[in-house]
Amino acid sequence: MTVLRTDLVRGLALCADEDGTRSTVETALVEPVDPGDRLLVHAGTALTRLEPAR
Amino acid sequence: MKYVDEFRDAELGRAVAGEILSLVEPGRHYKLMEVCGGHTHSIYKYGIDDLLPANVELVHGPGCPVCVIPMGRVDDGIAVAHRDGVIFTCFGDMMRVPGSNGSLLDAKAAGADIRMVYSPLDALRIAKQNPDREVVFFAIGFETTAPSTALTLKRARAERLQNFSVMCSHVTIVPPLRALLESPDLRLDGFIGPGHVSTVVGARPFEFIPADYGRPVVIAGFEPLDILQAIAMILRQLAEDRCEVENQYRRVVPYEGNLRALEVMAEVFELRPHFEWRGLGFISHSGLKLSEAYGDLDAEARFSVPGVRVADPKACQCGEVLKGVIKPWECKVFGTACTPERPIGTCMVSSEGACAAYYNFGRFARERQVV
């Protein structure tokens, strides 16, 4: 999923998947994250960061 | 799309299939286990089985989170869901798993307030929206999902939520692998290691497999080329008489895993002395429960669940499928009494279950030419 917006206070990020569907993602395990970062998300939690999109 | 298109390239796939063919020793039978249900799904979806020589057999392992939940555990969940004032939350797949007297979906139809969620965070949000109700999250899954539950519990604690608790049925991947390796009725030549579990735990926990049992492990991604390449890497190890843990999924899996995730899991969970697995029986130190520090958020303590052990239906052979002893289509009720629409066993419920994957994608193409 791609990070659209971050909420640093709550440790959450608004992310969109490849279809554009948006959801709130827990980012505590991969912080810091920035808009544009691509994350592997499982059950609402980002587990790892992927390389930037080509 | 990056990470997808290049891993579905048909020409490259044929090249790796050719490499696999060149690596097999004629007359030798290779039995490789894909541990993860996600791999099982991809194998049938993309017809990977059909690209392999007939003497390379893929055995489906116990890595489907829903499939390994025993019936008694479902009954426990239903008992909690029927309590007055409870909102019971769980993942969608879990709702269809049969207990001894119906599924959570049946219990919902009978009036229990059971809601499907995509993440434990959704359950926490429901708890905040319903302060006068008790919200229980039925936590299942391996180390991929457990960090999400752990972080949610930490949030619940930080926000002092009193009406949220977790019925923890998380399991760990290493103990069942050890149990399978000790099993006398299953001889395996190598393992396709779980991709996303390894994102959390890393590659190190699998080092006992080559060290103690002399079997190679290759951690793999979920696209068709990932799986084909992992099979080629295992066969190459066998051909070169090597035996180690290799990481095909380096674009996602760091060798050491996610240390923050391991830390938060260690804080929130502790190992149960025993946990019952569907088809595999009780396995020591294979299940997680909430640690003492988070004991007040443990739904099992809050609601005192029945904890009854229930035997699987006699016709159901999920246990043998999960151990790789029989193929899905060899089960007596496969595709007749047991279908994805009306499953008898767990392996037919989840899309990661070997029976559902085979039913949906592979059942018309069983015969293969012997190479």
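Residues numbered from 1 in each chain as written. Chains lettered and ligands numbered in written order. Predicted model: local features only at pLDDT ≥ 70, side-chain atom pairs only at ≥ 80, totals over all residues.

J.: Is there a simple way to think about the domain arrangement of chain B in this case?
T.: A common measure of how large an interface is: the accessible area buried when the components associate. All names here are of chain B. Along its sequence, chain B is organised into domain 1 (5-65 + 186-247), domain 2 (71-173 + 260-303) and domain 3 (318-358). Just the C-alpha atoms count here: the centres of domain 2 and domain 3 sit 25 Å apart. Broken down by class, the residue content of the side of domain 2 that touches domain 3 amounts to three nonpolar, one polar and three charged. (Domains from an automatic or database assignment. Nonpolar A, V, L, I, M, F, W, Y, C, P; charged D, E, K, R; others polar.)

J.: Could you clarify how one ought to interpret the interface of chain A and chain B in this entry?
T.: Chain A puts 16 residues into the contact, and the matching count from chain B is 19 residues. Its residues assigned to classes, the side of chain A that touches chain B comprises seven nonpolar, five polar and four charged. (Contact = placed C-beta atoms within 7 Å.)

J.: I'm lost on the sheet that holds strand S1 (residues 30-36) of chain B in this one. Help?
T.: All names here are of chain B. Taking strand neighbours across the sheet as the criterion, the five strands line up as S2-S1-S7-S8-S9 in an open arrangement whose pairing is parallel. Looking along the sheet, the strands with just one partner apiece sit at the ends: strand S2 (56-63) and strand S9 (245-247). Each strand axis lies, on average, 20 degrees off the axis of its neighbour in the sheet, ignoring direction. Judged from the six bridges that link them, S1 and S2 form a sheet pairing that is parallel. Following the sheet pairing, Glu34 is matched in S2 by His60. (Pairing = 2+ DSSP bridges. Helix = DSSP H or I, 4+ residues; strand = E, 2+ residues; numbered from the N terminus. Axes fitted to C-alpha atoms, helices over the stretch in contact; angles between N-to-C directions.)

J.: Explain the packing of helix H1 (residues 10-23) of chain B against helix H10 (residues 224-239) of chain B to me, please; I cannot follow it from the model alone.
T.: For any two helices packed against each other, the geometry comes down to the angle between their axes and how far apart the axes lie. All names here are of chain B. Running from N to C, H1 and H10 point in directions that differ by 20 degrees, and their axes come no closer than 9 Å. One finds that H1 runs roughly parallel with respect to H10. For the element pair H1 and H10, the recorded crossing hand is left-handed. Within the contact between the two elements, H1 uses Leu12, Gly13, Val16, Ala17, Glu19, Ile20 and Leu23 and H10 uses Pro224, Leu225, Leu228, Gln229, Ile231, Ala232, Leu235, Arg236 and Ala239. For the contact of H1 with H10, a count of residues per class yields twelve nonpolar, two polar and two charged. (Parallel < 35°, antiparallel > 145°, perpendicular 65-115°, else oblique. Left-handed = near helix turned anticlockwise from the far one by under 90°.)

J.: Could you clarify how one ought to interpret unusual backbone geometry in this entry?
T.: What is expected of a backbone is that most residues other than glycine have negative phi and most peptide bonds are trans. In this model, Glu31 of chain A is joined to Pro32 of chain A through a cis peptide bond whose omega is 0 degrees. Considering the arrangement of structural elements, one finds Pro32 of chain A in the loop between strand S3 (22-26) and strand S4 (38-42). At Arg160 of chain B, a residue that is not glycine, the phi angle is positive and equals roughly 55 degrees. Position of Arg160 of chain B relative to the elements: it lies in the loop between helix H6 (146-158) and strand S6 (164-170). The phi angle at Asp241 of chain B is positive, at roughly 60 degrees, despite the residue not being glycine. Within the element layout of this structure, Asp241 of chain B appears in the loop between H10 and S9.

J.: Is there a simple way to think about the confidence of the model for chain B in this case?
T.: When pLDDT is low, close inspection of the predicted coordinates is not appropriate. Per-residue pLDDT for chain B averages 91, and the proportion of residues at 70 or more is 97%. Note on the complex model: pTM 0.90, ipTM 0.89. (pLDDT = per-residue confidence, 0-100.)

J.: Just checking my understanding: could you explain the environment of Gly11 of chain A for this structure?
T.: All names here are of chain A. Relative to the helices and strands, Gly11 is located in the loop between strand S1 (2-7) and strand S2 (12-16). Separated by twelve residues in the primary sequence, Gly11 and Ser23 have C-alpha atoms spaced 14 Å apart. Those residues within four positions of Gly11 in sequence are excluded, and the remaining contacts are Glu26, Thr27, Ala28 and Glu31.

J.: Would you mind showing me how to read the packing of H6 of chain B against helix H11 (residues 259-268) of chain B here?
T.: Residues and elements named next belong to chain B. Interhelical geometry of H6 versus H11 gives an angle of 60 degrees and a closest axis separation of 9 Å. Relative to H11, H6 is oriented oblique. Both H6 and H11 take part in a crossing whose hand is left-handed. Residues Ala146, Pro147, Ala150, Leu151, Leu153 and Lys154 of H6 pack against Ala261, Val264, Met265 and Val268 of H11. Residues of the contact of H6 with H11, tallied by class, amount to nine nonpolar, no polar and one charged.

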